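# Close look at the chain arrangement
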Amino acid sequence: MSDRLKVLSSVCALDCPDTCALHITVDGDRVVDLAGDPDHPITRGFACVKTARYPERQEQSDRLLHPMRRVGRKGEGRFERVSWEVALDAIADRVRETLATDGPQSILPYHYAGTMGVIQGDSPRAFFRALGALELDQTICATTGGAGWEANYGPNKLSPDPEDVVHARTIILWGINALRSNSHLAPILKEARKLGARLLHIDPYRNETSRFCDDHWQIRVGTDAALALAIGGEILRRSWHDREYVDRYALGIDEYTNACSEWPLERAATYCDVPLLELERLVHDMASRPPCFIKVGYGLTRNEGGGNAMRAITLLPALLGSWKQQGGGASLSTSGAFQLHRDRITGKHLGSRSSRHVNMNLLGKELDPETSTIRGLFVFNSNPAAVAPDSSAVRKGLMREDLFTVVLEHFQTDTADYADYLLPATTFLEHPDVYTAYGHYYLQYAEPVVPARGLAKPNRWVFQEIARRLGLTDPCLYWDTDELIAEMLRSPNPWLQGITPERLKTEKSIKLKLPEPLLPYAQGSHYEDGKIRFSPPPQQLKFEEQPNDEFPLRLISPPGAVVVNTTMGNVPSILKMAGGEPTVLIHPDDAKKYGLKDSERASIASAQGTIQRKVTVTDETRPGVVIAVGQWWPKLAPDRKSLNDLTSQRLTDLGGGSMFGNAVVRIAPASQA
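Read on for a plain summary of the structure.

Glancing now at the overall build of the protein chain. Within the protein chain one finds 23 helices and 27 strands. By the compact-globule yardstick of 26 Å for 673 residues, the protein chain fits well, its C-alpha radius of gyration being 25 Å. Each principal axis of the C-alpha distribution contributes one length, and for the protein chain these read about 70 × 65 × 60 Å. Within the span of the protein chain, comprising 673 residues, buried residues form 61% of the whole. Computed over 77 positive and 83 negative side-chain charges, the separation of the two mean positions in the protein chain equals 2 Å.

Evaluated as defined, the whole model comprises 45 salt bridges. The partner of Glu465 in a salt bridge is Arg468, with the nearest N and O atoms 2.7 Å apart. Placement of the pair is Glu465 and Arg468 together in helix H19 (residues 459-470), with a separation of 3 residues, close to one helical turn. What makes Arg468 partly exposed here is its relative accessible area of 46%. Among the salt bridges present, the one from Glu581 reaches Arg601, with a minimum N-O distance of 3.1 Å. Note that Glu581 is positioned in the loop between helix H22 (572-577) and strand E23 (583-586) and Arg601 in strand E24 (residues 601-605), a separation of 20 residues in sequence. Counted as one network, the salt bridges with shared partners bring together Glu85, Asp89, Glu465, Arg468 and Arg469.

Describing an aromatic ring pair means giving the distance of the ring centres and the angle of the ring planes. Counted according to the given criterion, the structure contains 20 aromatic pairs. Seen in terms of ring centroids, Tyr153 and Tyr521 are 4.6 Å apart; in terms of plane orientation they differ by 35°. Their pairing is tilted. With Tyr153 in helix H5 (residues 143-153) and Tyr521 in the loop between strand E20 (509-511) and strand E21 (532-533), this pair connects stretches of sequence that are 368 residues apart. Given the relative accessible area of 0%, Tyr153 is considered buried. Relative accessible area serves as the criterion here: at 0%, Tyr521 is assigned to the buried category. Linked through ring pairs, Phe127, Phe128, Phe378, Phe380 and Phe463 together constitute an aromatic cluster. Cation over ring: Arg193 sits above Phe212, and NZ or CZ is 4.9 Å from the ring centre. Across from the ring centre of Trp263, 3.7 Å away, lies the NZ or CZ of Arg267, which sits over that ring.

Our next topic: the sheet that holds strand E17 (residues 421-424). Pairing is mixed across the open sheet formed by 6 strands, whose spatial order is E5-E4-E17-E16-E15-E6. With partners counted over all chains shown, the strands left at the sheet margins are strand E5 (79-81) and strand E6 (107-111), one partner each. Put simply, the sheet's adjacent strands are angled 20° from each other on average, direction ignored. Pairing between strand E4 (residues 68-70) and E5: 3 bridges, direction antiparallel.

Think of an α-helix as 3.6 residues a turn; residues three or four steps apart then line up on the same face. With 13 residues, helix H13 (residues 276-288) should cover 18 Å at 1.5 Å per step; its first-to-last C-alpha distance of 18 Å lies within 8% of that length. Of the positions making up H13, those classed as buried are Leu279, Leu282, Val283, Asp285 and Met286. In a view along the axis of H13, the buried residues occupy a sector of 165°, so they form one face of it.

In terms of residue burial, strand E8 (residues 170-174) counts as a mostly covered element, since 5 of its 5 residues are buried. Alternating residues of E8 divide into Thr170, Ile172 and Trp174 and Ile171 and Leu173, and every residue in both groups is buried. Across 5 bridges, E8 lies against strand E9 (residues 198-202) in parallel orientation. Residue pairing across strands places Ile171 opposite Leu199, the latter belonging to E9.

This paragraph deals with the side chain of Asp164. The residue Asp164 is located in the loop between H5 and E8 in this model. Within the buried core, Asp164 has no salt-bridge partner, and the shortest N-O distance to an opposite charge, that of Lys511, equals 6.5 Å.

Core analysis: the biggest nonpolar cluster contains 107 residues, and Phe127, Trp174, Leu227, Ile231, Leu443, Ile466 and Leu512 have the highest contact counts within it. In terms of residues, this core owes the most to one element, helix H9 (residues 224-237), which gives 9 residues. Leaving out residues up to four positions away in the same chain, Leu512 has contacts with Ala337, Phe338, Tyr441, Leu443, Trp495, Leu496 and Ile499. Listed in part, the 28 residues of the second largest apolar core include Met68, Leu136, Leu367 and Leu398.

With that settled, consider the sheet that holds strand E18 (residues 433-435). Whether parallel or antiparallel, the strands of a sheet pair through hydrogen bonds between backbone atoms. Read across the sheet, 3 strands follow the order E18-E19-E20 without closing on themselves; strand pairing throughout is antiparallel. Edge positions in the sheet fall to E18 and E20, since each has one partner strand and no second. The sheet shows a mean angle of 15° between the axes of neighbouring strands, direction not considered. Relative to E20, strand E19 (residues 442-446) runs antiparallel, the two being bridged by 3 bridges. Residue Leu443 lies in a different strand from E20, and its bridge partner there is Ile510.

Conventions and cut-offs
Position numbers for residues start from 1 in each chain and track the written sequence from start to end. Local features in this predicted model are restricted to residues of pLDDT 70 or higher, and side-chain atom pairs are both shown and tallied only at a pLDDT of 80 or more, whereas totals for entire chains, interfaces and linings draw on every residue. Neither water nor hydrogens contribute to the side-chain values; these are computed over all heavy atoms in the structure. Counting from the N terminus, the helices are DSSP H or I runs at least four residues long and the strands are E runs at least two residues long. Each radius of gyration is computed over the set of C-alpha atoms, and the globule rule expresses the reference value as 2.2 Å times the number of residues to the power 0.38. Partly exposed residues are those whose accessible area sits between 20% and 50% of the maximum for their type, while under 20% is buried and over 50% is exposed, using a 1.4 Å probe and protein chains only. Neither His nor the chain ends is counted toward charge; the positive residues are Lys and Arg and the negative residues Asp and Glu. Lysine's charge is taken at NZ, arginine's at CZ, aspartate's at CG and glutamate's at CD. For this document, the term salt bridge refers to a Lys or Arg side-chain nitrogen within 4 Å of an Asp or Glu carboxyl oxygen. When the centres of two rings from Phe, Tyr and Trp lie within 6.5 Å, Trp using its six-membered ring, the rings pair. Their planes under 30 degrees apart give stacked, over 60 give edge-to-face, and anything left gives tilted. Working rule: Lys NZ or Arg CZ, within 6 Å of ring centre, within 35 degrees of ring normal, means a charge sits over the ring. At least two bridges found by DSSP between two strands are what make those strands a pair. Note on geometry: axes are C-alpha line fits, over the in-contact stretch for helices, and angles between N-to-C directions span 0 to 180 degrees. Multiplying one less than the number of residues by 1.5 Å gives the expected span of a helix. Arc definition: directions from the helix axis to the C-beta atoms. Nonpolar core, defined: a set of buried Ala, Val, Leu, Ile, Met, Phe, Trp, Tyr and Cys residues in which side-chain atoms within 4.5 Å join the residues together. Here, residues are in contact when the closest pair of their heavy atoms is within 4.5 Å.

By themselves, these figures tell us nothing about what the structure is for.
Have a look at this one:
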């Protein structure tokens, strides 16, 4: 290795359960390589195909390097360079004016998981709470799954330690392409298989995980609750449940039993389109080959019945008593283990109970030109022009001249084109931050490994500077990194015991002080009474939005092999690997029926809008289902439209979540559109 090269530690900030510990190779001020930390028990020396290309993104020539002010029409994307002083003064003046004329409830922050760091991701909330601004409910991804889990088990979601999953013998990967969206679970699953585990993948999309597993059931979209209720009913009918555990910890088991009785195995096999004999075998294996472990994905919850499906699936380990067995149970998230002290960091003490909450999935309605009361919009860590439901409605709102929009970004995204001021943000390699995880139990810290490119600044710095100009005085707005870390660790959580700021900054990655073995629900739920809620029982809901003569196909949008969301959506090598443009998968039977040919473009329409995409004809999808893999930047699509031109602003059954897997569409050759 050259004397100029250094290998420095970091942590992946992308939205993924693995939260990888990284080794970054730098040459002077340039990032030249990225690899997984070989000594980290989860990362195990490899980075996923997306993060491995982050050095390319870091060094791209089109990085935003200085503040800019709009000079063209909204959406045109024309800007002129200004200084930070000019930009911040103008933003503060406009905020001051808006507060005076329309009040604080006319200002909305819009943000999500562009970085998973606590400092740059969460702490800006304190600024908006100090203003008295609208409260954003972050519902676009995980709230439906979380609401379903917590309806069963109470607050603070936990899972078995992933390192213990090697002990499981019956493993179900349900509604998750784990090899793409939780790839560091794969080596653990391989070890479990060597020790005798059998793996089943349940998903309407046949993908890498399907081929990795021993079996794959290509379930009918949206029928997961029925399948889980049928399994639960058969376990009870055969008295294969853990009677002692259920008697002690289950609340409402009789009502649950009645709900399951509506779904005998034969009915469920037909309704869900899964093989009956294999379903019978699975129920037997779940009971006779313990421990049973179910890894469930958030994707299956993004429809009308997603919360009920999550509830039905994740009650199965409680029936079996799997929570008492090392490596047994279910896994959605480990996030409830960390419980950092975030209240003052996020300005919870500054918030008002009277503040109106805005569901981020309803951004299109909230910005409606005819009815909106929002006059100021701050966007950071997100690209709503691409990712928010009903994109055409979102774009109409962003076009409003009376909407003052500030965007903090790395690149000129679709949302950035609508900004009045576009501010260059640092990447995770250029600022310090603290990282929890939702796929393991390591708390991590990362220092910057290179200086910020150009005049880029961290999110927190930007909001501190605006706060100073507005005369905001609460100390939490101005804490430095050391003060923030000290505040985070000032928590009564016993699992943080022994983790000091000094130790975290020195060791970089520290496992929480968990019980050994970790059996998170062996003694019931996190409700005060310790009872697991089987009642009201989950249901297989009948969807209101059904395929029909006008829109005969269901559309779902799981992660692609390399394009997952818009964060890496303009990296040339990733776009090349993904085929250069967004695609949809359609079954050969449907391709024949609707006159579609492989690699040609099709017009896809829903009640919300119409887009064009290239077609891949494959049996990796089911008949009647169109699969759009990954979310692309609209401006890089052939029609400059978002996949979310097709999705609605309707909300899920629990948690107010998005319904990205709910749309019904029609499809035809683009030449006929």
